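Working through the structure, step by step
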Amino acid sequence: MDTELAAVNPESIQKAAGLLRRGQVVAIPTETVYGLAASALNQAAVEKIFAAKGRPQDNPLIVHISSLEMLPQAAREFPPQAERLAKAFWPGPLTMVLPRAPGLAPAVCAGLDTVGVRMPVHPAALAVIEAAGVPLAAPSANLSGSPSPTTARHVLADMQGRISLILDGGNSRVGVESTIISLVGKPCILRPGFITQEQIAEVLGQPVALAQAVTAPLQAGQQPVSPGMKYQHYAPKAEITLLAGNLQQFAEYVAAHKEPGVWALCFEGEPAMLPVPAITYGKQDDDPTQAAALFTALRRLDEQGAKKVFARMPRRQGVGLAVYNRLLRAAGFRIVEL
Ligand code: TXA
Ligand code: MG
């Protein structure tokens, strides 16, 4: 199959919508990361997403809507807390786990009675959903296990020959996947993102729990609250280790472990201070710049042939928690306290 890369314009949006209505898979830009979309109401179409990604069958997909009128096609209940969060953060990078609607293709929810729903804010994503006229199931458009794509080029690198169309809508502004909050039972954040725990708590007027698996590996036999938690994710080919300490300690540790194939993943302005080649991911203490740069940096390290990577530690609050969560998984939970 030939894979076309098309700039976003009215024509390419209509083309994408036509393919989606006919049960095909199309990669679309969103503000978080690129998504691999198919009609959420069409089982055969959704199965094509799993095949293109090589995704485990038990890992459910997020359903994307373009308006609240579309919500009943995805979720059968819209509790008051969800309504409040939607008012505050939709369209935007927040996914809510709600009781699923009966018309969804079974593969979307991977056997669960719940569904993750989100209304993206990227104008091209909204336009494609609107033109297709159906909710779109869309996981991140990477091969299962590799870093999420934040440019159309990243998608092409993973999906060439596997899908027929990629819409190029530029760099994903946020750069990490949406915050996921479960509203089935007590509100609980299953995956941190650009919408923070603090912001959500403020809108709900109550503290919001953070699933343990956000910052700790699952214990043997433990049932994940979100199936995606059990997979390593975002794994570049290089072995990554997070180093917790200041820049000087970091530089000393890296110098002591210097060998061919060792790289640093650090903040802007720091490479000149380090004894090994380095790739940067944003500015220190500026979490949104780190989120926007992280996945591109992970892909670059692989392109450079990095074997071992020592990474600077992000903050663990605010958007930094999302960055930390992704890096921790990329590192297979390897941290060294300096
Ligand atoms: O920002 C995003 O959310 C991007 C863009 C494309 O919208 N999508 C994305 O999808 O990150 P994906 O498939 O890479 O991640 C979806 C995560 C998985 O970890 C999955 O286990 C979880 O959402 N998930 C989906 N439905 C769920 C449900 N009903 N209950 C709990 N977790 C769910
Ligand atoms: Mg993903």
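Above this text sits the structure in question.
A brief report on the enclosed structure follows. Keep in mind that this is a model prediction, so the values were computed, not measured. Per chain, residue numbering runs from 1 following the sequence as it is written. Think of it this way: whatever chain is written first is A, whatever ligand is written first is 1, and the rest follow in order. Only residues with pLDDT of at least 70 get local features here, since the model is predicted, and only at 80 or more are side-chain atom pairs given and counted; chain-wide, interface and lining totals rely on the full set of residues. Excluding hydrogens and water, the side-chain figures rest on all heavy atoms present in the structure.

Before going further, it helps to spend a moment on the sheet that holds strand S16 (residues 335-337). DSSP bridges decide pairing: two strands pair if at least two such bridges lie between them. Numbered from the N terminus, helices here are DSSP runs of H or I no shorter than four residues, and strands are runs of E no shorter than two. Taken in spatial order, the five strands make up an open sheet running S14-S13-S15-S12-S16, and their pairing is parallel. In this open sheet, the two edge strands, each paired with only one partner strand, are strand S14 (278-280) and S16. The average undirected angle you get between the axes of adjacent strands in this sheet is 25 degrees. Inspection of the sheet shows strand S13 (residues 262-266) paired to S14 by three bridges, in the parallel sense. Residue pairing across strands places Cys266 opposite Thr280, the latter belonging to S14. Axis definition: a line fitted to C-alpha atoms, limited for helices to the stretch in contact. Angles are taken between N-to-C directions and run from 0 to 180 degrees.

Grouped together as the largest cluster of nonpolar side chains are 68 residues, with contacts concentrated most on Met96 and Ile200. Contact between two residues is taken to exist if any of their heavy atoms lie within 4.5 Å; hydrogens are not considered. Those residues in contact with Ile200, other than ones at most four positions away along the chain, are Leu85, Phe89, Leu94, Thr179, Ile181, Ile189, Ile195 and Val208. Residues belong to one nonpolar core when they are buried, are Ala, Val, Leu, Ile, Met, Phe, Trp, Tyr or Cys, and are joined through side-chain atoms within 4.5 Å. Only protein chains enter the area calculation, which uses a 1.4 Å probe; residues under 20% of their type maximum are buried, those over 50% are exposed, and those in between are partly exposed. One finds Leu294, Ala306, Leu321 and Leu328 within the second-largest nonpolar core, a separate group that totals 32 residues.

Next up on the list: helix H10 (residues 319-330). Expected span, for any helix, means 1.5 Å times one less than how many residues it has. The terminal C-alpha atoms of H10 lie 17 Å apart, and with 12 residues this matches the ideal 16 Å at 1.5 Å per residue to within 8%. In terms of burial, H10 is largely enclosed, as 12 of its 12 residues are buried. Turning to H10, its buried residues number three or more, namely Val319, Gly320, Leu321, Ala322, Val323, Tyr324, Asn325, Arg326, Leu327, Leu328, Arg329 and Ala330. Downstream of H10 by a residue or two, Gly332 has a phi angle that is positive, lying close to 55 degrees.

Attention now moves to the pattern of salt bridges. Whenever a carboxyl oxygen of Asp or Glu lies within 4 Å of a side-chain nitrogen of Lys or Arg, that contact is scored as a salt bridge. Applying the stated criterion across every chain, the model contains eight salt bridges. Of the charged contacts, one joins Lys283 and Glu268 as a salt bridge, the two residues approaching to 4.0 Å between their closest N and O atoms. Taken together, the residues span a long stretch of sequence, with Lys283 in the loop between S14 and helix H9 (287-303) and Glu268 in the loop between S13 and S14 at a distance of 15 residues. Accessibility expressed as a relative area gives 43% for Glu268, which makes it partly exposed. In this structure, the salt-bridge partner of Asp287 is Arg315, at a minimum N-O distance of 2.7 Å. Taken together, the residues Asp287 in helix H9 and Arg315 in the loop between strand S15 (308-312) and H10 connect sequence positions 28 residues apart. For Arg315, a relative accessible area of 37% translates into the label partly exposed.

On to the pairing of strand S12 (residues 239-244), then. With five of six residues buried, S12 lies mostly within the body of the structure. Both S12 and S15 contribute to a ladder of five bridges, which runs parallel. Bridged to Thr241 within S15 is Phe310. Strand direction decides the pairing type here: S12 and S16, joined by three bridges, are parallel.

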